[in-house]
Each structure stands twice: as C-alpha cells, then as structure tokens.
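# Working through the structure, step by step
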Amino acid sequence: MLEIRNLTVKIADEDKQILNGLNLTVNAGEVAAIMGPNGSGKSTLSYVIAGKEDYEVLDGEILLNGENLLEMEADARAAAGIFLAFQYPLEIPGVATMTFLKAAMNAQRKARGEAELLTPDFIKQVNAAADKLGINRDMLRRPLNVGFSGGEKKRMEILQMALLAPSMCILDETDSGLDIDALRIVADGVNALRAQNRGFLVITHYQRLLDHIVPDTVHVMSKGRIVRSGGKELALELEKNGYAAYSEAA
Amino acid sequence: MAAVQETIDQVKSIDVTEYKYGFVTEIEMDKPAKGLTEDTVRYISARKNEPEWMLEWRLDAFRRWKTMTEPTWSRVNYPPINYQDIYYYAAPKSGASPQSLDEVDPAILETYKKLGIPLREQEILAGVAPENRVAVDAVFDSVSVVTTFKKELAQAGVIFCSISDAIQEHPELVRKYLATVVPVTDNYFATLNCAVFTDGSFVYIPKGVRCPMELSTYFRINEQNTGQFERTLIIADEGSYVSYLEGCTAPKRDENQLHAAVVELIALDDAEIKYSTVQNWYPGDAEGKGGIYNFVTKRGDCRGKNSKISWTQVETGSAITWKYPSCILRGDGSRGEFYSIAVSNGAQQVDSGTKMLHLGKNTTSKIIAKGIAAGKSDSTYRGMVSAHRKATNARNFTNCDSLLIGDQCGAHTIPYIEAKTATAVFEHEATTSKIGEDQMFYCQQRGLSEEEAVALIVNGFVKEVLQQLPMEFAVEAQKLITISLEGSVG
C-alpha cells in the first residue's frame, strides 16, 4: 500500500539533511509502528508523506497504491487517502468544527469526483462517530480545536480520521499529552478503524501506546533511516534497553 | 515557507492586477485651477447657485480651517499633503444637475453600468420585487449626476436628493440640522469639508414613515488630483425608519487622492437609521503608490428617546483609512451599534473604530469590529466608550477581533473606556489570531485547497458582521472580501 524507497530529505532553507535513504513498506491491513529517539526524523517522515512544504526531497519516492505522492499537493494527497493525525493539532479560529468537517469531507469528495454529502446524512455520520469517541455536541459547535484540552484535540483528530476514511493513517506521537483514560479512548477509536484495506503508521517514542494499539510490525528509526525491523516484541525490547544501541549503530 | 509566502506574494500583487474598478472615464470636466483660497470656496458656492447664508457658512469654516493643524495622533504614515496641489471641484461639462437620465453624459452612464450600479429605473424594476428595490444617488467627482426613484419616494413623503438640491429646495431642513452632529470645527478634515464640500446625499424621513426602499449613494472619484469632499445628511423624524447604503470606487492612479467626507445622522424619538458602507476605494499598488486617503468623519446623533443608529461597514479599499463612525446616545433609552470589517493588504493602513458616547439614561451600545490584515498592511482598531455622569445604567458590549494572514502585517487594538457613573456596565473582549503556514498545512492535509481554507477561515471570522448588511449587499461584500484575500491564494 505505502512504499517508501530511498527517501532522502533536507530542510528547505538549510543544509541539514533529516532523512537519509529511508526504506519502508506498509501493507494494506497492517499496523506498522515507528519508534526511535528524539531527533531521529520520525515527525519529518510524517510531514514529508503528507506534503508539508518546508522540506526538499533530494532523492527517493513515496508511492501510495502505486501513485507517486511527491508530485501532488498536500490536499491532493489527502484526497488520495493520506491522513495525518498531528502531534499538535492546530486551532482554526472562527470556524465551527461542524463547518470544518463538512468542508473537508466535501473537498475530498469533490477531488475524487463524488457528489457532495447531504446535510442530514452528514450530521448523522458525525454524531455517530462523535458519540463513539465521547465528543459532545457542544464541542462540535465550537471553533475547531480552539480552547480544546490536549485530550480533546487528539480525540478530534481521530474523529476526523473516522469521517474522512483514509486508506493510509499516520499517527504522529498521538499519545503525547494524554492521560491513561484519554489514551484508551483514542486507542479504541483507532482500533475500531483497523481494516483489511487500510494501513497505519504509528509513530511513537514510548511503548505504552503500543499496549493499546498492538502493531503488526515495529521499525526502529535512527538518524533518518530504518535501522531495524521486527514484530511487536521489538517494542518491548526497546522499552527495556533504550535507544542507545541504535544511536551507535547508525 | 512556500505556502504562506505564496499567499503573501499573491496578496501583494492583487492590488495591482485585481482592482477591477480601476478604469478611467474619459470625459470633459469643468474645474477651476488647483489650490485652495477664499476664491475657491466662492467658486464652488457660485457654481451651485448657493444662497448667501451657505456661502458665509463656508467662508467662516474656511477661515477657521486656516488656523487649524492636521492631526497626527493616528497610527498611519503618509507624506505631507499639499492642499494647494489639489483640485477642489470637478464636474462633467454636460451640465451639473440634469433633470432626467437623457441629459446625463452617456460616458457617465456607461461608467455606472460598468460598476454594476443600475441607474435606469426601468432596468431596476425589471424582475425586482418592490421591497427589494434600491434608490440610488450617483455622485461623480464633485456632483450628483442622478437620483433614482425620487417620485416614488416623494409619495411616501421621503426626501432623497443631492445635498445641493436640498440646499435649494429644503433650506429650512438643511439649516436646522447641518453641522449639528459634527460641528464646523470638529476636526481638521471636517472643517475643510465644510468649506469645500461639493455634493453628497440628503435624506429626510417624515414622522412615522418606514422608508419603502433601501436608499443608497454611489461615490465615484474619476478625475486626477481631485479631492472628493462629500457631505451627507440623514434625518429620521419621530418613529421613522430608513436603511441607507453607500458604495465607493475610484480609478487606479499613481498619485494619492484625498477623500474627506462628513456624514451626519440624526434620529429623533423612536426613529431608527441603519447606515451601511461598502468601501472599495482604489487601495494603491503593492508598495503603497497611489490610492485614496480616506479621512472621513461620520457621526450619528440619537437625539430622541428610544432612537437607534446602527453603522455597518465593510472596508476593503483606500491606501489610508481614518474614520470612526460614532454614536451620540443623547436620548434616554437610545441605542448605538457599530459593526465593522476592515480588510487590509498590500501596503494599506487602517486606523478605524468608533465612539459611543452615552449621555442619556438606559442607553445601550454594541461594537463588533473585525480586522483582517494581510501582506504588509497595518490595521488599528481605536474605540472610545464613555458614560456621562447622568447616563445611569449605560451598557456597552465591545468585541474586537483581529486576524493576521502571514507574518508581515500588524494589528493593534486601542480601546478607551470612561465611565462617570457607577451604574455603567462596559464589557470589552478582544482576540488576535493568525492564519499561518501551519494552519494552512493542517487544512490542506484534510483535503481543502489553499483557497478553500482561506475562504473558510475568513468567512467564519466575518459572518457576524456580514449578517448585519442588507441581503443583496452582504453577498456583494462577501465576494469583495473573498476577492481581496481568497482569490489571492489561487
């Protein structure tokens, strides 16, 4: 589903290279976890896949179902099925959450040549998905993420993920700033979306998220490359021994 | 920095390429030499066949103006204005006060057609329900060229004409109310206006009459180096209601042009005036070359009990805007409202806001000001809310929000609050938010294009104010804002 080959990336206005020939494949139905120390390039990887413009791709390619993402704008990538749950979701002042959700869903439908959603269907869908995540109606009327707590923002990311039904979900440090109850709600939300035709890339610094979202594969990232891959037991090993060995290996 | 930098670049270029009202009408004009002396004042008065009292009033204002100095307290910068290098009067040669459209120069009619302002009543009537009709007074440089629907309005007792005609035909009303809200010596630009004002609109709504249609004035500056000094006077007699709208455009010129208007509103007992402005003067190019200096004094007097005056403005044009539509809440139980959207980009400078002066008992006021700054523009909200010691139970609610697009613009809020009675309750809320690159990326990640994202955020930001505009103008205003900002991101 998602194939990344020899991805080499630097920050646009600097000489600093962040990703150094990274290779990674995530299959449909697979939950892949990426773990690694701070500064290993995990967040950069998620931004580059999603199409943030602060980076310059020097080499390599990213394919989603065979389509070359690097040739598309961020909004086209979203319509093609990429979803990024942000580590720090942004506040959109003055735009009610409902309004934002509808605009986003319809923009993607339009890009795919589908008809706009009818309002009653839209409301039904949103309410059903919001109920599952414990998001109340009042929150849906407030401007998106404005004044939301850290946990509320993360739940809102998962709500958007559920409604937009992407084929490739990237979760960037979704566990950061969550207490254990919030973590469980978010993880349940993600688990409910696991499907045969959908891949997940779960980026995390800590093992604890992976207790709740159990991955099929675990990849260790260091200095802009995948330095080791394995099954879910690899996460436990990392938790025990730390990242020190990989910093040297890379 | 790509996404937002691109936005900024395109916002910058929009002034130069996208101002669609920037054309010039080639027409022979009648104008005296540049410069301002007593003779200029006499010339203007003579051209308008004004009575002696009007000339004396102008000359008195002119003498006072000479003793005054230009104010410098606002947060705007511009090179000194040479008042001797401006034309103070410019009228189409084809006759200053045509009696019918047939006497109006076709070039002028064509101009208004291009601007989308219908002047032929039969064209307006076609397909428009009576309640949606709009009567128009069209002011071209220094003169009013035509006022539509005068007859229909007269049947209701409503007087809607140019101020020049009002001075001739209704001197008693003009003398009774002129400069009773904005005194002759109120401020430098208002005093200048008293001396050299050339035209504008006059409205009188008699007792108990609800004006049967929207009234509007459309101001067009066409001539080069010409100042426009318009004067508008609206009187709503007891228990009457009127909704009035003004629109403004000007051609692209390399020189700055001065627009110094005075607007006075008077609402007597239980009367209501709703005054809306869609101001789209030429803003100048990206570096701030050219554009209109919009130095305007607008004030409403809620003179009667339970009267109401409401200002709504959408400001997207002008190189510099300096205006504070205000309300004097004199009558007990009167109410003042101010709704404003100020959009600035390129090198535009805006210093605008309102004053709510509570004098009567149980008076209330509401201020909703939304500033959107993009490019290298600078936007200041300056407001004053005061309660006189007799203004028991005065209430004000103020909300000032600023939205910044990019990181080269600025927004400032300067509220003055003064309560001399312990029973006054004044509330003030202010927020500043920014559309940055990260927000744009977030929206795009959800599938919205840059254009859609900006439109969504800006519309969300201004909708509370747009709702105050008459329906058909709200649509226009929304388009205008979208053109100024959203179109810039395409």
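If you're wondering where the values come from, they're calculated on a predicted model, not measured in any experiment.

## So, the overall build of chain B
Summing up its helical and strand segments, chain B has 12 helices and 23 strands in all. Classification of the 490 residues of chain B by burial places 63% in the buried group. Partitioning the intrachain contacts of chain B with sequence separation of at least 6 by distance along the chain shows that 85% fall at a separation of at least 24. Of the roughly 17600 Å² of accessible surface on chain B, 49% is carried by carbon and sulfur atoms.

## What about the overall build of chain A?
For chain A, the helix and strand inventory stands at 10 helices and 10 strands. Its C-alpha radius of gyration of 18 Å places chain A within 12% of the 18 Å reference for a compact globule of 250 residues. Based on the C-alpha atoms only, the size of chain A along its principal axes is roughly 55 × 40 × 35 Å. The buried share among the 250 residues of chain A stands at 54%.

## Re the pattern of salt bridges
Counted by the stated rule, this structure contains 34 salt bridges over all chains. Of the charged contacts in the structure, one is a salt bridge between A:K110 and B:E452, with a shortest N-O distance of 3.3 Å. A residue pair is termed interchain when its members come from two chains, as with A:K110 in helix α3 (residues 97-111) and B:E452 in helix α11 (residues 450-466). Taking the relative accessible area as the measure of exposure, B:E452 reaches 27% and is therefore partly exposed. Through salt bridges with shared partners, a single network forms among B:E272, B:K308, B:R335 and B:E337.

## Description of the nonpolar core
Counting 111 residues, the largest nonpolar core has A:I49 and A:L159 as its most contacted members. Looking at this core, the element that brings in the most residues is α11(B), giving nine residues. For A:L159, the contacting residues outside a window of four places in its chain are A:L101, A:V126, A:A129, A:A130, A:L133, A:I135 and A:L140. One finds B:I86, B:F197, B:L258 and B:W322 within the second-largest nonpolar core, a separate group that totals 52 residues.

## Description of the interface of chain A and chain B
Taken together, the 34 residues of chain A in the interface contact 22 residues of chain B. Here chain A and chain B share three salt bridges between them. For the interface between chain A and chain B, the tally reads 11 residue pairs in polar contact (both at pLDDT 80 or more). Mapped onto the side of chain A that touches chain B, the elements with two or more residues apiece are α1 (42-50), α2 (74-80), β6 (82-85), α3 and α6 (150-164) of chain A. Considering each element in turn, the side of chain A that touches chain B owes the most residues, seven residues, to α3(A). For the side of chain A that touches chain B, the per-class residue count stands at 19 nonpolar, six polar and nine charged.

## Section: the pairing of strand β4 (residues 55-64) of chain A
All names here are of chain A. Two strands pair when backbone bridges link them, and strand β1 (residues 2-11) and β4 are joined in this way by eight bridges, in the antiparallel orientation. Looking at β4, one finds that I11 is bridged to Y55. Pairing analysis gives two bridges linking β4 to strand β5 (residues 67-68), with the strands arranged antiparallel. Along β5, the bridge assignment pairs L64 with E67. Taking the residues between adjacent antiparallel strands as the criterion, β4 and β5 are bridged by two residues, where N65 takes a positive phi near 50 degrees.

## Details of the sheet that holds β1(A)
Residue and element names in this part refer to chain A. Overall, antiparallel pairing links the four strands, which are arranged β2-β1-β4-β5 in an open sheet. Both edges of this open sheet fall to β2 (17-26) and β5, since each of them pairs with a single strand only. Each of β1, β2 and β4 is contacted by α1, which is oriented at about 110 degrees to β1, the strand it contacts most.

## A closer look at helix α2 (residues 38-47) of chain B
Residues and elements named next belong to chain B. The complete set of buried residues in α2 reads T40, V41, I44 and S45. Taken down its axis, α2 places every buried residue within 130 degrees of arc, on the same side. As for α2, its buried residues are in contact with α3 (52-66) and α9 (188-196). Phi turns positive one or two residues past the end of α2, at N49, with a value near 50 degrees.

## Re the environment of B:L233
Residue and element names in this part refer to chain B. The topology assignment puts L233 in strand β8 (residues 231-236). C-alpha separation for the pair L233 and S162, spaced 71 residues apart in sequence, amounts to 9.7 Å. Setting aside residues no more than four positions away along its own chain, L233 makes contact with I163, V174, Y177, L178, S201, F202, V203, E264 and I266.

## Some remarks on the packing of aromatic side chains
Residue and element names in this part refer to chain B. Overall, the coordinates contain 25 aromatic pairs over all chains when judged by the stated rule. Aromatic side chains Y78 and Y293 sit 5.3 Å apart centroid to centroid with 45 degrees between the ring planes, which places their arrangement in the tilted category. In this pair, Y78 is assigned in the loop between α3 and β2 (91-92) and Y293 in strand β13 (residues 291-302), connecting sequence segments 215 residues apart. On the accessibility criterion, Y78 (22% relative accessible area) is partly exposed. These aromatic residues form a ring-pair network of at least three members: F62, W65, W73, Y78, Y83, Y188, F189, Y293, F295, W322 and Y324. The lysine or arginine in question, R231, covers the ring of F197, its NZ or CZ lying 5.9 Å from the ring centre. Its guanidinium or amino end placed over the ring of F461, K370 lies 5.3 Å from that ring's centre, counting from NZ or CZ.

## Digging into unusual backbone geometry
The phi torsion at A:N145 lies on the positive side, around 65 degrees, for a residue other than glycine. In this fold, A:N145 is placed in the loop between α5 (137-141) and α6. Positive phi values are uncommon outside glycine, yet B:N362 reaches one of about 55 degrees. Examined against the element boundaries, B:N362 turns out to sit in the loop between β18 (349-358) and β19 (364-373).

## A short note on the sheet that holds β6(A)
Residue and element names in this part refer to chain A. With respect to topology, six strands assemble into an open sheet ordered β6-β7-β8-β3-β9-β10, the strand pairing being mixed. Since the sheet does not close on itself, it has two edges, and those belong to β6 and β10 (225-230), each with one partner. Sheet twist, expressed as the average angle between the axes of neighbouring strands with direction ignored, equals 20 degrees. Bridge count for strand β3 (residues 31-35) against strand β9 (residues 217-222) is four bridges, and the pairing is parallel. Counterpart to A33 in the pairing with β9 is V218. Contacts from α1 reach β3, β6, β7 (168-172), β8 (199-204) and β9 within the one sheet, and its direction differs from that of β6 by about 145 degrees.

## Details of the side chain of B:T380
Residues and elements named next belong to chain B. Examined against the element boundaries, T380 turns out to sit in strand β20 (residues 378-387). The class of T380 is buried, set by a relative accessible area of 2%. Setting aside its immediate chain neighbours within four residues, T380 contacts R75, V350, D351, S352, H412 and I414.

## Some thoughts on the environment of A:L64
Residue and element names in this part refer to chain A. Structurally, the position occupied by L64 is in strand β4. Residue class for L64 comes out buried when judged on its relative accessible area of 1%. Residues L64 and I158, spaced 94 residues apart in sequence, show a C-alpha to C-alpha distance of 21 Å. Residue contacts for L64: discarding those within four places in its chain leaves M1, L2, L69, A80, G81, I82, S167 and M168.

## Some thoughts on α3(B)
All names here are of chain B. Counted at 1.5 Å a residue, the expected span for α3 with its 15 residues is 21 Å, and the 21 Å between its end C-alpha atoms agrees. Taken residue by residue, α3 has M54, L55, W57, R58, L59, A61, F62 and W65 as its buried positions. Looking at the buried residues of α3, the elements they touch are α2, α7 (163-169), α9 and β8.

What counts as what
Every chain's residues receive numbers from 1 upward, in the order its sequence appears when written. A letter from A marks each chain and a number from 1 marks each ligand, given out in the order of writing. It should be noted that, the model being predicted, local features are given only for residues of pLDDT at least 70 and side-chain atom pairs only at 80 or more, the latter also being counted only at that level, while totals for whole chains, interfaces and linings use all residues. Note: side-chain values were computed over all heavy atoms of the structure, leaving out hydrogens and water. In this description a helix means any DSSP run of H or I spanning at least four residues, a strand means any run of E spanning at least two, and both kinds are numbered starting from the N terminus. Exposure categories follow from relative accessible area, calculated using a 1.4 Å probe and restricted to protein chains: below 20% of the type maximum is buried, above 50% is exposed, and the middle band is partly exposed. Contact definition: two residues touch when any of their heavy atoms are within 4.5 Å. Method for areas: the Shrake-Rupley scheme with a 1.4 Å probe, in which residue coverage is limited to the protein chains shown. Values of the radius of gyration come from C-alpha atoms, whereas the globule rule sets the reference at 2.2 Å times the count of residues to the power 0.38. The term salt bridge refers to a side-chain nitrogen of Lys or Arg lying within 4 Å of a carboxyl oxygen of Asp or Glu. Within this scheme, the nonpolar core is defined by two criteria: the residues are buried Ala, Val, Leu, Ile, Met, Phe, Trp, Tyr or Cys, and they are joined through side-chain atoms within 4.5 Å. Counted as a polar contact is a pair of N or O atoms within 3.5 Å, where, for protein atoms, one must be capable of donating a hydrogen and the other of accepting one, and residues adjacent in sequence contribute only when both atoms are in side chains. Residues are grouped as follows: nonpolar covers Ala, Val, Leu, Ile, Met, Phe, Trp, Tyr, Cys and Pro; charged covers Asp, Glu, Lys and Arg; every other residue, Gly included, is treated as polar. In short, DSSP must find at least two bridges between two strands for them to pair. Between N-to-C directions, angles span 0 to 180 degrees; the directions come from axes that are lines fitted to C-alpha atoms, helices contributing only their stretch in contact. What the arc measures is the spread of directions leading from the helix axis to the C-beta atoms. Two rings from Phe, Tyr or Trp (for Trp, the six-membered ring) form a pair when their centres are within 6.5 Å of each other. A pair whose planes differ by under 30 degrees is stacked, one over 60 is edge-to-face, and the rest are tilted. The rule is short: NZ of Lys or CZ of Arg within 6 Å of the ring centre and within 35 degrees of the ring normal puts a charge over the ring. What a helix is expected to span follows from its residue count: subtract one and scale by 1.5 Å.

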